[in-house]
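Residues per chain, in single letters:
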Amino acid sequence: MKDLNLYTGKRIARRNDGSFLHGSGQYTDDLDPADMLHAAIVRSPVANGTLIGFDVADVPSTATVLGPDELAEHVVGDLPVVWKLEGQWQERTPLLDTHLRYVGQPIGIVVAASRALAEDAAEKVILDIVDLPIVVDALEALAPDAPLLYPDSNSNVLAAFEAGDTEDHIEEVFAAADRTLLTTIHIGRVHGVPMENRGLVVVPSPSGSLIITTSTQTAHAVRDVVCEVLGKRQNAVRVVAPDVGGGFGLKDHGYEDEIMTVIAAVVIGRPVKWIEDRNESFLTTTHARDEVHEVEVAFDFDGKLRGLRVDAVRNAGARFSIFGGGPLFAAFGVLPGPYKWDAIRGYGRLVATNTMSTGAYRGFGQTQAALVRERAVDLVAEALGRDPIDLRVQNMIRPEELPYGTRTFIEYDSGDYQSAALRAAELIMEPAWPEDGKVRGVGYCCYVQMTGIGNSDTNRAIGLDIGGFETADVRLEPDGTVCVATGVSPHGQGLETTIPQLVADELGVNIDDVQLIWGDTETTPYSAYGTAASRSIALGGGSAVLASQKVAEQIRQVAGTMLEASPDDIRLTDGAATVAGTNVSVLIREVAKRASQGFGMPEGVGPGLHARHAYDPPNATFSYATHACRVAVDVATGEVVVEDYVVVNDCGVMVNPTIIEGQIHGGVAQGLGAALMEEVLYDNNGQPLSSTMLDYQVPVSASIPDIRIEHMETPSPFTPGGMKGMGEGGTNGAYACVVNAVMAALPDADNSTLHTPLTPARVWEAAQKRKQLD
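In this report, we go over the structure that sits alongside the text.

A tally of regular secondary structure across the protein gives 19 helices and 31 strands. Relative to the compact-globule value of 28 Å for 774 residues, the protein shows a C-alpha radius of gyration of 27 Å, a close match. Counting every position in the protein, which comprises 774 residues, the buried fraction comes to 61%. The long-range fraction of contacts in the protein, counting pairs at least 24 apart against all pairs at least 6 apart in sequence, stands at 81%. Surface exposure of the protein reaches about 28400 Å², of which carbon and sulfur atoms provide 51%. For the protein, the separation between the mean place of its 58 positive charges and that of its 103 negative charges on side chains is 3 Å.

Let's shift gears to the nonpolar core. Leu308, Tyr645, Leu676 and Val742 are the most contacted members of the largest nonpolar core, which totals 136 residues. Top element by residues in this core is helix α18 (residues 729-745). It accounts for 10 residues. If you count residues domain by domain, this core takes at least three from each of domain 2 (31-132 + 195-246 + 251-284) and domain 3 (359-449 + 621-768). Those residues within four positions of Leu676 in sequence are excluded, and the remaining contacts are Val640, Val642, Val738, Val742, Pro757, Leu758 and Thr759. If you look at the next biggest cluster of nonpolar residues, it comprises 43 residues, including Tyr7, Ala592, Met601 and Met723.

A pair of packed helices is characterised by two quantities: the angle between their axes and the separation of those axes. Axis separation between helix α10 (residues 366-384) and α18 bottoms out at 8 Å; the angle between their running directions is 30°. Crossing of α10 over α18 shows right-handed handedness. Within the contact between the two elements, α10 uses Gln366, Thr367, Ala370, Leu371, Glu374, Arg375 and Asp378 and α18 uses Thr731, Asn732, Tyr735, Ala736, Val739, Asn740 and Met743. Residues that form the contact of α10 with α18 fall into these classes: 6 nonpolar, 5 polar and 3 charged.

Turning to the packing of aromatic side chains, a few remarks are in order. Centre-to-centre distance and the angle between the planes together describe a pair of aromatic rings. All told, the structure shown has 12 aromatic pairs when counted by the stated rule. Ring plane angle 55° and centroid distance 5.3 Å describe the contact between Phe282 and Tyr696, whose orientation is recorded as tilted. Linking Phe282 in helix α8 (residues 278-284) with Tyr696 in the loop between α17 (657-676) and β30 (707-712), this pair joins segments that are 414 residues apart in sequence. Ring geometry for Tyr412 versus Tyr417: centroids 6.3 Å apart, planes at 90°, classification edge-to-face. Comparing Tyr412 with Tyr417 shows no difference in burial state: the two are buried. Within the aromatic cluster, the residues linked to one another by ring pairs are Trp83, Phe161, Phe323, Phe329, Phe332 and Phe364. Over the face of the ring belonging to Tyr255 we find Arg198, whose NZ or CZ atom lies 3.8 Å from the ring centre. Note that Arg535 overlies the ring of Tyr529, its terminal NZ or CZ placed 3.8 Å from the centroid.

What counts and how
- Residues numbered from 1 in each chain as written.
- Predicted model: local features only at pLDDT ≥ 70, side-chain atom pairs only at ≥ 80, totals over all residues.
- Heavy atoms only, no water.
- Helix = DSSP H or I, 4+ residues; strand = E, 2+ residues; numbered from the N terminus.
- Rg over C-alpha atoms; globule rule 2.2 N^0.38 Å.
- Buried < 20%, exposed > 50% of the residue type's maximum accessible area, 1.4 Å probe, protein only.
- Contact = heavy atoms within 4.5 Å.
- Areas by Shrake-Rupley, 256 points an atom, 1.4 Å probe, with all protein chains shown as cover.
- Lys, Arg positive; Asp, Glu negative; His and termini not counted.
- Charge placed at Lys NZ, Arg CZ, Asp CG, Glu CD.
- Core = buried A, V, L, I, M, F, W, Y, C linked by side-chain atoms within 4.5 Å.
- Domains from an automatic or database assignment.
- Axes fitted to C-alpha atoms, helices over the stretch in contact; angles between N-to-C directions.
- Left-handed = near helix turned anticlockwise from the far one by under 90°.
- Nonpolar A, V, L, I, M, F, W, Y, C, P; charged D, E, K, R; others polar.
- Phe/Tyr/Trp six-rings, centres within 6.5 Å; stacked < 30°, edge-to-face > 60°.
- Lys NZ or Arg CZ within 6 Å of the ring centre and 35° of its normal.

In structure tokens, the structure reads:
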């Protein structure tokens, strides 16, 4: 156990801010190895068709073209779908397919001396395609006469599954309830829009080994899929993630166009760079959500929430992305939120359409679950004439009832949900609203967020075919400085700062002496996830704590020998190992030097100070928060302005409150965007209508109010160090909070159907109906 907290919980400045603010970050596109060539991807211009010709006759001889046939010579396997659900028949997807199912589908690759030359040459490739019927809407794809994306199947349903209570039990609870309400929620399709698009630089060697530098969240997963698809040995492929300009789940796997770039480098024998442009990103980097939820809630007249039943259809796109139907499965898992229910049941279908795949995005289904549940709770409060916070608090799990098993077979760990809700309501209260012709409303969202996903056996039990552990390697150099290698990979989370904070406290050293190593399959421990699912500090940090504790014990053993004292009496603080209650000490750097020499080592302690720990958590951890906001709606234009926003958040032991608040700010911005403006649209021919930043609106600084944050701190009983994950929390709360606030401002709006985002056009239409009623 650490002897003193000098860094954990403190607002230590982020280590990497200086390089980014001064423009000295090193991103994938900054790499220009000698003899490098540039690639452009040949993509499908149609949403559904059969490719029968790939004519390169007009391509200049200065460019190299690899079409489907040439690429196929190097492919030995398909891309995996690692989450397998009940009734799922698509468990792998091909790198190459002559059946073109969405606009932008990669078909071939062109390589030339510059990007411009490669793009010009790619436009010379003539594709001969036989058009096929198109379906882009998931509900339409369920119709008996809908065109089949996979003609060998008998429907467009890729998987269908159930979660929670049995049908008999949910029917019994609904029959016994005093009243039920029904609503349909359409959740719009969104895109993560990272500041840095995808891209990679592939450097081959004469020996056949490869170095792939790529903008990714998970270097090991990229290496794994490259080797699996191309038949390469894993020890011959090194994947490096440099500075990464945002991921949000979009960069959690390897894509077809990236693997084509690897093939091109291997074939040509020279470095090849491919950098995605923004238009390509909208076309072929994973989208998210696009769901329709039929929601039915049962309740009693005294306000008791009885049951929640959800029938959900998710547009999976043309084929499953790597995590398949996982986001919808995860959504059902956290449907109960912080409330006690008598029954919960979810029925989900993943449907194929002629659109880009939907997959992971910040929140991974939990954002949608919050909207579905919190919208239902607001409807109950409205029907009963109850204050929405009072109703929520009445139904919340109490602190003394934790740990608590939900109706979806998840066990919450620790917290005080009621106090967070009451405090948020207190903070958002205003004495009076201005009389400016606008209508106003206050919205709330109370959620429990599943973070630190694990353990490995649990993953396997729910169909997730990757391990849930994280590993850290902690080593003291002979001069006493510390190297920490981790499998998680920061791209905005501040791990370069927070993990050293944890390690420095465990070892009693100065944080400036701790270096974090990440994002390199050659130098870091294996991680199937990398950085995703709000796992980094709970599992990456947890494994670093445990490895550091092993090293700290080694330091105590060696220092005890040097000081002729019991290791149990050695305290590690301020860079020294001190005998408790005395001034007798030795500098930790001197202990490190002695250990590196191997002189006079105590029994059972080998030369060097070094330990590795693989942490497979006994359970997930559960952060929680209440978000509250006030919006003003201009009924004449439909414009919504978020005027005030508060968050009461609990993510366990806080390693660095400033970084936590930054994560909340960013998450709130993304949740607000999805609530009010962000939507990827297609026309009936499957052509994207959102392919530039002019078509796809995201929040800007003027869109975001000042966000007031208060912290609660309930340690996790599972995580070493007591931390819980929270990277997705801001998004999970903001989406439902803003939607509920807008609907509260329009109390006479039709509650039978809700479409998000609540764009000015949709809000104006709802406001006009309200005006007509007035």
